[in-house]
Amino acid sequence: MLKKLTIIAFFTGAGQLFSILALKWVSQHGSAEQLKAISQVDSIVLLMLNLVGLGLQSAAMRDLALAVDWKEQYQHIQSARIALALLLCGLSVIGFLNPYYLLFLGAPLLGWNGDYALYARGFPIAGSITSFLRLIIPFSAIMLVVRYHPEWLVSVYVCSLIFTYSITNLGISRILGTPVVAIPRFKHLGLYLKSVPLGIVVLSLYFIGQGLILFIPYFYNNTVVAVAFVGLKFYVVYKGALRIIHQAFIKEMLNEVVCLKVDQLSVIAGITFAGSMLIFPESFIRLFFGPKYLPEKEFFVFLAVAAFVYSLFLSMSTKSMLSKKDREYTIITAMAAGITIVSSILLSLFWQNALSIAISLCLGEIAWAIGLLKISSTASQIRNRISFVLQTGILLVIPVAVRHFCPDSLPFYASSFGVFLLLLLLLHYRKFQTLTHQ
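Residues numbered from 1 in each chain as written. Predicted model: local features only at pLDDT ≥ 70, side-chain atom pairs only at ≥ 80, totals over all residues. Heavy atoms only, no water.

**Some points on the pattern of salt bridges**
Between side chains of opposite charge, a pair can form as their charged atoms come close.
And then number 1: The full count for this structure, using the stated rule, is four salt bridges.
And then number 2: Across the salt bridge formed by arginine 134 and aspartate 115, the nearest N and O atoms sit 3.3 Å from each other. In this pair, arginine 134 sits in helix α6 (residues 124-148) while aspartate 115 sits in helix α5 (residues 115-120), placing the two residues 19 residues apart along the sequence.
And then number 3: The partner of arginine 385 in a salt bridge is aspartate 263, with the nearest N and O atoms 2.7 Å apart. One end of the pair, arginine 385, is in helix α17 (residues 379-393); the other, aspartate 263, is in helix α11 (residues 256-279), with 122 residues separating them in the sequence. Here the two residues arginine 385 and aspartate 263 agree in accessibility, since each one is buried. (Salt bridge = Lys/Arg side-chain N within 4 Å of Asp/Glu carboxyl O. Helix = DSSP H or I, 4+ residues; strand = E, 2+ residues; numbered from the N terminus. Buried < 20%, exposed > 50% of the residue type's maximum accessible area, 1.4 Å probe, protein only.)

**Details of the packing of aromatic side chains**
And then number 1: All chains considered together, the criterion is met by 26 aromatic pairs.
And then number 2: A ring pair is formed by phenylalanine 280 and tyrosine 413, whose centres lie 5.6 Å apart and whose planes are at 45 degrees; its orientation type is tilted. Residue phenylalanine 280 is located in the loop between α11 and α12 (281-288), and its partner tyrosine 413 is located in helix α19 (residues 410-428); the two are separated by 133 residues in the primary sequence. Each member of the pair, phenylalanine 280 together with tyrosine 413, is buried.
And then number 3: Centroid distance phenylalanine 299 to phenylalanine 300: 5.0 Å. Interplanar angle 65 degrees. Geometry classified as edge-to-face. (Phe/Tyr/Trp six-rings, centres within 6.5 Å; stacked < 30°, edge-to-face > 60°.)

**Observations concerning the packing of α11 against α19**
And then number 1: At a closest axis distance of 12 Å, the pairing of α11 and α19 adopts a crossing angle of 155 degrees. When the axis of α11 is compared with that of α19, the two are roughly antiparallel. In this structure, α11 meets α19 at a crossing whose hand is right-handed. Taken together, the residues of α19 that come into contact with α11 (itself represented by Ile268, Ile271, Thr272, Gly275, Ser276 and Ile279) are Tyr413, Phe417, Phe420, Leu421 and Leu424.
And then number 2: When its residues are assigned to classes, the contact of α11 with α19 shows eight nonpolar, three polar and no charged. (Axes fitted to C-alpha atoms, helices over the stretch in contact; angles between N-to-C directions. Parallel < 35°, antiparallel > 145°, perpendicular 65-115°, else oblique. Left-handed = near helix turned anticlockwise from the far one by under 90°. Contact = heavy atoms within 4.5 Å. Nonpolar A, V, L, I, M, F, W, Y, C, P; charged D, E, K, R; others polar.)

**Some points on the packing of α11 against α12**
And then number 1: Their axes nearest at 5 Å, the elements α11 and α12 cross at an angle of 115 degrees. The angle between the axes of α11 and α12 places the two elements in the roughly perpendicular class. Across the interface between the two elements, Phe273, Ser276, Met277, Leu278 and Ile279 from α11 touch Pro281, Phe284 and Ile285 from α12.
And then number 2: Tallied by class, residues from the contact of α11 with α12 come to seven nonpolar, one polar and no charged.

Here it is, written out as structure tokens:
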């Protein structure tokens, strides 16, 4: 387990980290208007991926993971995805009102994407490399162009996305040994009807994150929106990295031992993120976002708290899906999204700042976690996770002691949390070496 996780974590983490640092570079060398443009493109691309996937992708991962004769089933799923993507092209007419919606013309390229099958069929390393390429190529391109030809920023970003998805889609077909492109057949759209609840889940999770960017400009000023995008992008990258780790073991996650171990990995990530922001906020913000965002410290602290809450019981969502508790899972996820959206709107009436958005995320994540516990957990499972949080959290005494005697600077932050993570590795190395029962 540990060897596979190390490789997956390397490619996933490297790509996600690079995208964050690239946005930091763009925010330092570009204008707020350019950052807003990238946020629009990025959010719409993510929206298209979620619309094309809907619940079908989640259901497909479950079914393909368990199926013996899976290739024909995969072709039908791909056919349905591309057919729906062709229909989504019609949304490009909104481009007359907002030119960014012309991006919907590229929906078939995203429908062609079959990376979910890599995880379902036991190729998580190939999946992590695919994810790495889809981040490293486009964000490298915008880092180069923003300095010398900033007027090309959006065009270069879009073209690099088209190129990257094209080559990775071809690679996925080769790895899976399937035809390059499935012929779109609209009769296969009926597959989406079987997974409507999971489709609601996908869209709900989108709005407990970067999906907020699509509507908060109507309630908050441009300065708040720019700060929110930078923070939400980091937040979505963090959540995406955890999901990739969970997807790597989707076939084994009906086993509670596996679920517990994967949740423990998530807890380590959540405590590291939250601890960094609470103990060394200035160092963390300077490192990942730049000094211009230091006045927004409270926003990033609450963002880290929301990320920690998300990390605690994440396996419960996968277990709910594998156990086919689609209806219950849909209700609690939709309610959490509604709480996030409504609270962000209500708080905008009182506080016109990014902190309002982070508080809304916290409320949504807490509601989601409580719902997951109600439908997919036992008292002993909750105790096991809380116990691990306490065991791990006590080691934060090391960075706390360092911060007490030393200033909030990058060397002290890196060294103290380096020791913290090293101790965790030494303590839990053997646990994560295997997926078998202890």
